[in-house]
Amino acid sequence: MAESVPPHPFRSLGWRLVLGAGLGLVLFAGESWLLLRSGLVGVDIPVDGPYAALAAAVRPVLPGLLLRVAAVYLVAGMVLAGVAWGLAHVWGRGGVGVTVMGWCVLVLLLAWDRAISRPALFDDLPAVRPLLAWLVDHGAPWHPRAAAVLLALVHVAVLLARLGTWKRRLQVGLGLVATVAVLFVAGRAGGGGTTDASPPLVVLIGIDAFRPDRLRTLGGNGEVAPHVDRFVEDATLFTRAYTPVAQTEPAWRSLLTARWPHETGVRYALTSESRMKLQPTFAESFARAGWRTVFATDCSRFHAEGPASGFATRLQPPRGAVNFLLEKLRYRALGVFADHAVGAAWVPEFIDNRALAGIHDPMGYAGRLTSTLLDEASQGPTLFAFHATAAHFPGDPVHPFYRRFVSSSEPLERRLRMHFAPVSPGAKGGWSRDGAEALYDELISQADAQVGMLLDALRRSGRYDDALIVLMSDHGESFHEDRPDLAGATPVHGARLSELENRILLAVKPPKGRAGAPATSEALVRLVDVGPTLLELSSLPALSGVDGVSLAPLLRGESLSPLNLYAETGFTHVSPEVFDRGHWPGAPRAFDAYRIRPDGVVELGDAAHEAVVLEKDRGAFDGQRWWVDRPQADGTLLRVCEGDCEGLDALALESWLDTVRGRTPEGDSRKVAGHVDDSRRPVSPGTVRPPQQLLRLRPGQHPGPAHPQPRGG
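Residues numbered from 1 in each chain as written. Predicted model: local features only at pLDDT ≥ 70, side-chain atom pairs only at ≥ 80, totals over all residues. Heavy atoms only, no water.

**Remarks on helix α4 (residues 96-117)**
When the terminal C-alpha atoms of α4 are compared, their 32 Å separation across 22 residues agrees well with the 32 Å that a helix rising 1.5 Å per residue should span. Every buried residue of α4 is listed here: Thr99, Trp103, Leu106, Val107, Leu109, Asp113, Arg114, Ala115, Ile116 and Ser117. (Helix = DSSP H or I, 4+ residues; strand = E, 2+ residues; numbered from the N terminus. Expected span 1.5 Å × (residues − 1). Buried < 20%, exposed > 50% of the residue type's maximum accessible area, 1.4 Å probe, protein only.)

Structure, rendered in structure tokens:
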């Protein structure tokens, strides 16, 4: 009688891999069903009217995107099934039920770990909120990892016990120890020192919405941004630096071109490319000189750099309608299975995208970005720019940052994500100002940690000292400190010309350190001065005909002629009449104000553009006073002075404002003999009466008829 031959163990493994693939696809189908449930995450948006263009732009790319997501679930399911099969075989068991149970245990271990490290991954699942709240308060990353190690040790002990001899057990045990040691050393290996012949390196890091009052040097407590504080010790900190517009996209365009916003054509987020006035950028100057030019950001919803930026390499999430769709495609298992380098390479739209709360791992992203920086810097002269957006919506702090400043007594939804509520006249925020600022501080700390990873990597690699490094912010943030009735309302930037919104972080470390340069400079400087400074310090030709100047003299301890700031408001969700009674609030703030191009790019429409430009406040600041032009609902233009408004200096600044505004060849007002000429700008009938009279208002002066009550209130 023929003896039966047991099946080869790898044949059993093959069937388990097929089972794991099936389990992964079942999980994918389950999450897809959750996404399609009405009212859960809002993917059931209408596809008619203004949303028709959105659906049309997204439809062609959606099948391929979902196939790649499904592939992640399939491969992850197979890998977990393979591990579960191996663990089961340690016990001499290989049944399907045992494999499925082991697969589920492994998934739960991974989910446990991610729920602690990035709780926003699960915060919109009502069924798990009580458990999630407990983990947010009491969980620690070492808990699930210790459980995983214990599970592994138990299986190792069982494996050794089942071996026949002590000699065999010793061999296997030593093999396992050696394997773990090799993996540990490989994981810890990092860049070493470099030679003295390292190519030039310029690093520009922008921290979105960073308010300089968070620095220890400027009165902060030292706990919010320790890495930036440490960098400032090696650099010259400009304590009075300002942005010409407190919104990211127009601020970066002014940064790159060294020109005021009304000269770049980019004056608010999602500006149509057809309105951009193409001008040379400092990045183009670096590229023409043979430098590698790289721009990276983890959020492109309201700031994406294109070819006109001058950066040859642009690492950013997809722009436009697809990115807005991705916010709704919350495939949470991607944050469990794919939050690593392989996953970022396969589905970067999800893993390296700040818009995906919980799925995006900001610290893992910073680690990968660090490797990119060092790799680029090793290949030749490099200009590397990074825009860190942790403090921006959706604003989900990860571990350990969500425990630092917000009280544990606050509701879970307040602790794990920014809460958006439109600000309108008479409306009051649903939170306290202290709570809103505490969450902001946690997010700034998170961005600071990302910056710290880049700077520490430069130090370890030996590139920190010889690099020209600039840390800056594109704007500040207002928590409505002057409006008790708006306490706790959604913070804003770009709505008013003010210290809180327009004052920025700016610190410069030249190569080899600041040497004899001062630790701080109190001279008024502008964001438009950064590009000229980088070019001069890198011995490259200056941009011609620009508004910015090089700050190199200040970095050498020399003096510089006093500078003035031109600034204008952006376009925010807040109607300007909330802050300025009588201000014209004519710009539309609905989805149909935007248009979607066939390639999916979202832009502000023509009619809305005209209204936004009319609505803007424009002003000049010299450190002592603001002159601000505010369009009024009755058709007049109110010029307001704040600060020291008497004397020749005040008159000189006012004249300078008129000169700057008169330089615009099109699309802006010109003051002529005390009047405003808007004849060149088309205005829709009935929108607003073209301003004719320029009225002036100084502190203590009654506004009079040019300052009526806001419409509707």
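Anyway, onward from the coordinates.
**Quick notes on the nonpolar core**
Membership of the largest hydrophobic core comes to 50 residues, with the highest contact counts inside it found for Leu329, Tyr331, Leu334, Phe337 and Phe350. Among the elements that make up this core, the one with the highest residue count is helix α3 (residues 62-90) (9 residues). What Tyr331 contacts, discounting residues up to four positions off in sequence, is Phe28, Glu31, Ser32, Leu35, Leu66, Val69, Tyr73 and Ile359. Counting 46 residues, the second largest nonpolar core, distinct from the first, contains Ile205, Val228, Leu454 and Leu458. (Core = buried A, V, L, I, M, F, W, Y, C linked by side-chain atoms within 4.5 Å. Contact = heavy atoms within 4.5 Å.)

**Quick notes on the confidence of the model for the protein**
In the predicted model, the protein carries a mean pLDDT of 86, and the fraction of residues at 70 or more is 83%. Segment residues 39-45: pLDDT under 50, and 13 contacts once partners within four positions in sequence are set aside and those in other chains are kept. Predicted confidence for residues 704-713 stays below pLDDT 50, and this span has 21 contacts to residues more than four positions away or in other chains. (pLDDT = per-residue confidence, 0-100.)

**Considerations on a nonpolar patch on the surface**
Judged by side-chain polarity, Val75, Val79 and Val83 come together as a nonpolar surface patch covering roughly 240 Å² of accessible area. With respect to the helices, strands and loops of the structure, Val79 is situated in helix α3. (Patch = residues over 30% accessible without salt bridge, like charges linked within 9 Å, V, L, I, M, F, W, Y side chains within 5 Å. Areas by Shrake-Rupley, 256 points an atom, 1.4 Å probe, with all protein chains shown as cover. Salt bridge = Lys/Arg side-chain N within 4 Å of Asp/Glu carboxyl O.)

**A few points about the packing of helix α16 (residues 362-377) against helix α18 (residues 433-461)**
As a packed pair, α16 and α18 sit with axes 9 Å apart at the nearest point and diverge in direction by 30°. As far as their axial angle goes, α18 and α16 are roughly parallel. The way α16 lies across α18 gives a crossing that is right-handed. Contacts between α16 and α18 involve Pro362, Met363, Tyr365, Ala366, Gly367, Leu369, Thr370, Leu373 and Leu374 from the former and Gln446, Ala449, Gln450, Met453, Leu454, Ala457, Leu458 and Ser461 from the latter. Its residues assigned to classes, the contact of α16 with α18 shows 12 nonpolar, 5 polar and no charged. (Axes fitted to C-alpha atoms, helices over the stretch in contact; angles between N-to-C directions. Parallel < 35°, antiparallel > 145°, perpendicular 65-115°, else oblique. Left-handed = near helix turned anticlockwise from the far one by under 90°. Nonpolar A, V, L, I, M, F, W, Y, C, P; charged D, E, K, R; others polar.)

**Remarks on the packing of aromatic side chains**
Aromatic ring pairs: the centre-centre distance and the angle between the two ring planes describe each pair. Counted under the stated rule, the structure contains 15 aromatic pairs. Look at Tyr73 and Tyr331: their rings are 6.1 Å apart centre to centre, the planes differ by 80°, and that puts the pair in the edge-to-face class. Note that Tyr73 is positioned in helix α3 and Tyr331 in the loop between α12 (321-326) and α13 (332-337), a separation of 258 residues in sequence. Of the two residues, Tyr73 and Tyr331, neither departs from the other in class, the shared state being buried. Through pairs of rings, three or more aromatic residues link up here, namely Phe28, Tyr73, Tyr331 and Phe337. Above the ring of Tyr464, the side-chain terminus of Arg459 is found at 4.3 Å from the ring centroid. (Phe/Tyr/Trp six-rings, centres within 6.5 Å; stacked < 30°, edge-to-face > 60°. Lys NZ or Arg CZ within 6 Å of the ring centre and 35° of its normal.)

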